Amino acid sequence: RLSRVRLQSPREAVFTVLTTTMDAVRSVVVDALVVMKILKHARDNAHEHDAPVQGPLLGLVVDGDLEVTNCFPLPQVEDEGTTTGEYQYTMMRWLRAVNVDHMHVGWYQVSELGRFFDEEVAKTQYEHQKAIEESVLVVYDPAITAQGSLSVRAFRLTNEAMKVLSKADFSPAALKSARLTYRSIFHEVPVVMKLSPLARVLVPDLTADLKQAEVFDRLDLSTHAFMEKNIRKLMERIDDLASETSKYQNYHKQLQKHEDQIELRIAQLPAENDARKAKGQAPWTEEDVRSSFKPVEAPSRLDSLLTTAQINNYCKQVAQFNSQSFGKLYLAKAIQPTTAAEPSA
């Protein structure tokens, strides 16, 4: 769905060649304006579940740090006669006309409870990093943000994942030779929030206007709704992993049956060769017998790795949220007045 459109002048093309020869991005510096636009896009499309809420990121690379200075949302429904790529091209051309950074440096996606480890996201990020080496995926989580902690994370595909995706071979043997595991698909890049001097002056004024109830909402001790959603999503992904495991077991059964048929045919090969020699035909070899059988196609293991990575992400979220919840409970216990025990009758 997300296309890669880029406008370049000759000077920018030279700058791009110089920056793409550098190592991986050390950090992602996100401007506060970008974060506010992503939050607004997520809030305006909070009930949209059919199409992903996403958009391109614009900025530049400075000394190995990726600075994201602007972004714009993609429409949820495409207009007649206008594709997503044409829309991005038009928007970037207008931004260039008003002297705004228009270099395409990645994309963002709104993902509730961190559910973004899937094949579509991996392949989209692969296309971005293939075209622009420093491209990143910025993930915003509205569910975690609603609990009082802003969740903006940046990810990149590792070199091992890029090699595997370039070959489009996700068989068990290919993943084993590439040493690709669920931990080495995505690499999280540190995110640094950048505020302009005017924004720094405005933050205290906005904080002073907060109502007392809004401030104390962060100390809400109820954790049932958030934990229930996390556990429910975790159970769904465990079921998906069990389904992938069942497919892999069936593959091994078919492979063993296939090998047994070949061995049986090879055992019958001497008698068949004698009959072929009697008819004046050339004898068969073991290679001829093996080539006569259709090989068993190995299932893709990419979904299994991504599902495992998603389960690992859910477990980390539950552990982190529980540690914060325990801190709130101990704080509430400390500030509550102690009641003296009633004397026994």
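Further up the page is the structure itself.
Since the model is a prediction, treat every value here as computed from it, not as a measurement.

## Some thoughts on the overall build of the chain
For step 1, the next point in the chain: When helices and strands are tallied, the chain shows 13 helices and eight strands.
For step 2, the next point in the chain: Counting the 345 residues in the chain, one finds 36% classified as buried.
For step 3, the next point in the chain: Taking the intrachain contacts of the chain between residues at least 6 apart in sequence as the baseline, contacts between residues at least 24 apart amount to 77%.
For step 4, the next point in the chain: For the chain, the computed accessible surface area is about 21400 Å², with 55% contributed by carbon and sulfur atoms.

## Considering the sheet that holds strand E8 (residues 191–194)
Within a beta sheet, neighbouring strands are joined by backbone hydrogen bonds and run either parallel or antiparallel to one another.
For step 1, the next point in the chain: In spatial order, the strands read E7-E6-E5-E4-E2-E3-E1-E8; together these eight strands make up an open sheet with mixed pairing. The sheet terminates laterally at strand E7 (186–189) and E8, the two strands that pair on one side only. The sheet shows a mean angle of 35° between the axes of neighbouring strands, direction not considered.
For step 2, the next point in the chain: Where strand E1 (residues 27–31) meets E8, four bridges bridge the pair, whose relative direction is parallel. Looking at the pairing, aspartate 31 lines up with lysine 194 of E8.
For step 3, the next point in the chain: The sheet contacts of helix H2 (residues 32–44) involve E1, strand E2 (54–62), strand E3 (65–71), strand E4 (103–110), strand E5 (136–140) and E8, and relative to E3 the element is tilted by about 50°.

## What about the packing of helix H4 (residues 119–131) against helix H6 (residues 159–167)?
For step 1, the next point in the chain: Running from amino to carboxyl end, H4 crosses H6 at an angle of 100°, the nearest separation of the two axes being 10 Å. One element, H4, and the other, H6, form an angle in the roughly perpendicular class. Note on element contacts: H6 touches H4 through Met162, Leu165 and Ser166, opposite Ala122, Tyr126, Gln129 and Lys130.
For step 2, the next point in the chain: Of the residues in the contact of H4 with H6, the class split is four nonpolar, two polar and one charged.

## Quick look at the pattern of salt bridges
For step 1, the next point in the chain: As enumerated under the stated definition, the model contains 12 salt bridges in all.
For step 2, the next point in the chain: Of the charged contacts in the structure, one is a salt bridge between lysine 229 and glutamate 112, with a shortest N-O distance of 3.9 Å. Remark: glutamate 112 occurs in the loop between E4 and H4 and lysine 229 occurs in helix H10 (residues 224–267); sequence separation between them is 117 residues.
For step 3, the next point in the chain: With relative accessibility at 43%, the residue lysine 229 sits in the partly exposed group.
For step 4, the next point in the chain: Glutamate 112 gets classed as partly exposed once you look at its relative accessible area, which sits at 41%.

## Remarks on the side chain of threonine 307
For step 1, the next point in the chain: Along the polypeptide, threonine 307 turns up in helix H13 (residues 302–335).
For step 2, the next point in the chain: Not counting the four nearest positions on each side in its chain, threonine 307 is found in contact with Arg237, Asp240 and Leu241.

## What about the packing of aromatic side chains?
For step 1, the next point in the chain: Here the structure, examined in full by the defined rule, presents eight aromatic pairs.
For step 2, the next point in the chain: Seen in terms of ring centroids, phenylalanine 116 and phenylalanine 186 are 6.4 Å apart; in terms of plane orientation they differ by 75°. Their pairing is edge-to-face. Taken as a pair, phenylalanine 116 in the loop between E4 and H4 and phenylalanine 186 in strand E7 lie far apart in primary sequence, 70 residues in all. We note that phenylalanine 116, like phenylalanine 186, is buried.
For step 3, the next point in the chain: Ring pairing ties together the aromatic residues Phe116, Phe117, Phe155 and Phe186, which thus form one cluster.
For step 4, the next point in the chain: We note arginine 301 situated over the ring of tyrosine 248; from NZ or CZ to the ring centre the distance is 4.1 Å.

Reading the values: rules and limits
- Residues numbered from 1 in each chain as written.
- Predicted model: local features only at pLDDT ≥ 70, side-chain atom pairs only at ≥ 80, totals over all residues.
- Heavy atoms only, no water.
- Helix = DSSP H or I, 4+ residues; strand = E, 2+ residues; numbered from the N terminus.
- Buried < 20%, exposed > 50% of the residue type's maximum accessible area, 1.4 Å probe, protein only.
- Contact = heavy atoms within 4.5 Å.
- Areas by Shrake-Rupley, 256 points an atom, 1.4 Å probe, with all protein chains shown as cover.
- Pairing = 2+ DSSP bridges.
- Axes fitted to C-alpha atoms, helices over the stretch in contact; angles between N-to-C directions.
- Parallel < 35°, antiparallel > 145°, perpendicular 65-115°, else oblique.
- Nonpolar A, V, L, I, M, F, W, Y, C, P; charged D, E, K, R; others polar.
- Salt bridge = Lys/Arg side-chain N within 4 Å of Asp/Glu carboxyl O.
- Phe/Tyr/Trp six-rings, centres within 6.5 Å; stacked < 30°, edge-to-face > 60°.
- Lys NZ or Arg CZ within 6 Å of the ring centre and 35° of its normal.

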